[in-house]
Amino acid sequence: MSTALENQLVAALRARAELVGPEDLQHLTLPLPAPQRWRRPAVMALVAAAAAVVVAVAVPLVLKAEQRSDRAGPTGSIPTPVTALTGDVDGDGESDRVEILHGQLRVTLAADPSHTRVANLSNSSDVGLVGLADVGGPGQGIVVAGPGGRFARTGWSVYALRDGGLGPVYLSASRAQVQEPTLGQIPGRLVSWITTTGELMSGLLDPAQQGEQQLSVTVRRYVPLRGRLRQERVGQWCWDTATQPVPAPCTGDQVH
Amino acid sequence: MPVSMDRATARLDLAELYVVHRLSLVRLATLLVDDRATAEDVVQDVFAGLATRDGSLRDPDKALAYLRKAVVNRSRSALRRRRTARGYVPPRGVEAAGPDERAVLAEEHREILAALERLAPRQREVLLLRYWSGLSEAEIAAALGISRGSVKSTAGRALGRLEKIMESTQT
């Protein structure tokens with residue numbers, strides 16, 4: 001890459017940035033925290049009234065619902081795999097084209113439309129695209145549903161761009177050690193896994209906890225929807241990396 | 001009262017962060033949104049958000065990285081709102097700067113800044129953080145919430161495209 005261009009860019013950015021000087025800044029003091037909406041008197045009164053109703057009527061129902069949601073079971077939605085979709089595969093912010101054709105997974109990048117990246121699918125019959133998901137690689141992973149189009153633990157695979165080519169994302173941990181496979185883990189940042197019920201989950205780790213054994217993980221699940229994967233927030237889970245293969249809902253003796 | 005002492009310390013740190021880093025953050029936001037008033041609002045909102053949390057951060061050593069990330073995110077939101085409000089992608093470029101500012105910039109700077117504006121938002125963010133903020137790949141990855149590999153590939157492609165745009169405008 002042209003060093004001259006890089007030098008030119010540095011000089012131009014510096015020149016543009018330095019047009020803003022200390023004397024130009026309007027705000028002079030550290031802003032005060034904005035009052036939170038829920039602390040306003042009227043809102044407090046409404047909250048109190050609503051809380052009374054909840055306590056009197058709905059607590060048993062809520063408790064039952066929480067017990068069910070802690071298990072994070074399947075959403076019940078079976079994906080409808082497609083043969084082509086678009087999305088940002090290489091992480092450059094532009095939409096790339098992904099398709100399955102003649103038993104091959106083909107990716108055409110918006111940044112390089114003349115060169116199609118190809119990967120031969122190991123089981124090429126009756127497969128389809130489920131969507132894209134951040135599985136910790138350089139770009140987004142392409143989730144491919146297996147024969148029968150079922151998004152199940154045994155029927156999925158994930159491909160991603162690597163070293164200029166397209167290839168499968170292998171498990172980052174030994175299959176023997178985990179009950180649920182983990183995909184493309186970035187230590188300290190992101191972990192993705194497939195549950196035994198076939199859901200693709202992703203957990204964002206707090207970088208401040210890097211190196212610790214007990215981790216708090218912000219967990220999302222990917223819900224297939226018409227050729228795309230929609231992220232849904234699950235909540236804050238706990239992960240004892242010494243004893244648990246993947247994050248799980250916190251138990252009573254675990255704290256966030 | 002250890003808790004209140006911790007909070008007091010955090011507030012002091014926040015004030016210090018404001019004094020030390022506000023200008024560089026406003027400059028970063030200016031490069032992202034190309035409008036000084038919006039940039040200043042973005043940075044003010046970021047500090048207000050942190051102040052709302054009592055200036056508390058899990059790791060105070062990473063406060064600057066947090067602020068940078070927040071500035072990038074809020075700048076992105078500001079650009080999105082601007083596009084939505086106008087109903088089209090405005091021809092931003094350096095023309096968005098005031099006439100006095102335009103006159104000050106050298107022609108060569110204006111050319112490459114205009115080319116920069118034609119890149120995809122993510123590509124522009126990576127180049128700004130790398131060549132103006134001087135961040136490492138890991139720091140850029142943290143600021144943008146993407147992987148290091150993605151930073152590297154995006155930067156490479158962005159420079160390539162920038163070069164092509166520059167060549168096409170010079171011919």
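You'll find the structure just up there.
This section reports on the structure supplied with the text. Here the structure is a predicted model, which means the values were calculated and not measured. (Residues numbered from 1 in each chain as written. Chains lettered and ligands numbered in written order. Predicted model: local features only at pLDDT ≥ 70, side-chain atom pairs only at ≥ 80, totals over all residues. Heavy atoms only, no water.)

Once that is clear, we can look at the overall build of chain A. Regarding its fold elements, chain A presents two helices and 13 strands. The proportion of buried residues among the 256 residues of chain A is 41%. Across chain A, contacts joining residues at least 24 apart in sequence account for 37% of those joining residues at least 6 apart. Put simply, chain A shows about 13,900 Å² of open surface, and 54% of that area lies on carbon and sulfur atoms. (Helix = DSSP H or I, 4+ residues; strand = E, 2+ residues; numbered from the N terminus. Buried < 20%, exposed > 50% of the residue type's maximum accessible area, 1.4 Å probe, protein only. Contact = heavy atoms within 4.5 Å. Areas by Shrake-Rupley, 256 points an atom, 1.4 Å probe, with all protein chains shown as cover.)

All names here are of chain A. Read across the sheet, four strands follow the order E1-E2-E3-E4 without closing on themselves; strand pairing throughout is antiparallel. At either margin of the open sheet sits one strand with a lone partner, and together these are strand E1 (84–87) and strand E4 (116–120). Looking at each pair of strands side by side, their axes are set apart by 20° on average, direction ignored. Taken together, the four bridges between E1 and strand E2 (residues 96–101) define a ladder with antiparallel strand orientation. Residue Leu85 lies in a different strand from E2, and its bridge partner there is Val98. (Pairing = 2+ DSSP bridges. Axes fitted to C-alpha atoms, helices over the stretch in contact; angles between N-to-C directions.)

Residues and elements named next belong to chain B. Within this structure, the stated rule accounts for seven salt bridges over all chains. One salt bridge in this structure joins Glu125 and Arg122, with 3.9 Å as the shortest N-O distance. Within this pair, Glu125 and its partner Arg122 are both found in helix H6 (residues 121–131), separated by three residues, close to a single helical turn. Exposure remark for Glu125: the relative accessible area of 5% places this residue in the buried category. (Salt bridge = Lys/Arg side-chain N within 4 Å of Asp/Glu carboxyl O.)

Residues and elements named next belong to chain B. Among the residues making up helix H7 (residues 137–144), those that are buried are Ile140, Ala141, Ala143 and Leu144. The buried residues of H7 occupy one face: seen down the axis, they fall within an arc of 165°. Positioned one or two residues after H7, Gly145 has a phi angle of 70°, which is positive. (Arc of directions from axis to C-beta.)

One way to put it is that helix H1 (residues 3–17) of chain A packs onto H6(B) with a least axis distance of 10 Å and a crossing angle of 85°. Between H1(A) and H6(B), the interaxial angle falls into the category roughly perpendicular. The residues of H6(B) that touch H1(A), namely those facing A:Glu6, A:Leu9, A:Val10 and A:Leu13, are B:Leu127, B:Leu128, B:Arg130 and B:Tyr131. Class assignment for the residues of the contact of H1(A) with H6(B) results in six nonpolar, no polar and two charged. (Parallel < 35°, antiparallel > 145°, perpendicular 65-115°, else oblique. Nonpolar A, V, L, I, M, F, W, Y, C, P; charged D, E, K, R; others polar.)

All names here are of chain B. In this structure, Ser75 sits in helix H3 (residues 63–86). Along the backbone, Ser75 and Val33 are 42 residues apart, and their C-alpha atoms lie at a distance of 6.1 Å. Among residues more than four places away in sequence, those in contact with Ser75 are Ala29, Leu32, Val33 and Val42.

The terminal C-alpha atoms of helix H8 (residues 148–170) of chain B, which comprises 23 residues, lie 33 Å apart, in line with the 33 Å expected from a rise of 1.5 Å per residue. Restricting attention to buried positions, one finds in H8(B) the residues B:Ser150, B:Val151, B:Thr154, B:Ala155, B:Ala158, B:Leu159, B:Leu162, B:Ile165 and B:Met166. Its buried side turned inward, H8(B) meets H1 of chain A together with helix H5 (107–117), H6 and H7 of chain B. (Expected span 1.5 Å × (residues − 1).)

Let us now look at the state of the cysteines. Residue and element names in this part refer to chain A. Across all of its chains, the model carries one disulfide over all chains by this definition. Covalently, Cys238 is tied to Cys250 through a disulfide, its sulfur atoms 1.9 Å apart. With the S-S dihedral at roughly 90°, the linkage between Cys238 and Cys250 falls on the right-handed side. In this pair, Cys238 sits in strand E13 (residues 228–240) while Cys250 sits in the segment after E13, placing the two residues 12 residues apart along the sequence. Classification of Cys250 as partly exposed rests on a relative accessible area of 25%. (Disulfide = S-S within 2.5 Å.)

Within the largest apolar cluster, 56 residues are counted, with the highest numbers of intra-cluster contacts made by A:Leu9, B:Leu116, B:Leu127 and B:Leu162. If you list the elements that add at least two residues to this core, you get H1 of chain A together with helix H1 (2–33), helix H2 (36–52), H3, H5, H6, H7 and H8 of chain B. The biggest single contributor to this core is H1(B), with 10 residues. With residues up to four places along the chain from it excluded, the contact list for A:Leu9 reads B:Ile112, B:Leu116, B:Leu127, B:Tyr131, B:Leu159 and B:Leu162. Counting residues in each nonpolar core, the second largest holds 17 residues, with A:Leu85, A:Ile100, A:Ala119 and A:Val144 among its members. (Core = buried A, V, L, I, M, F, W, Y, C linked by side-chain atoms within 4.5 Å.)

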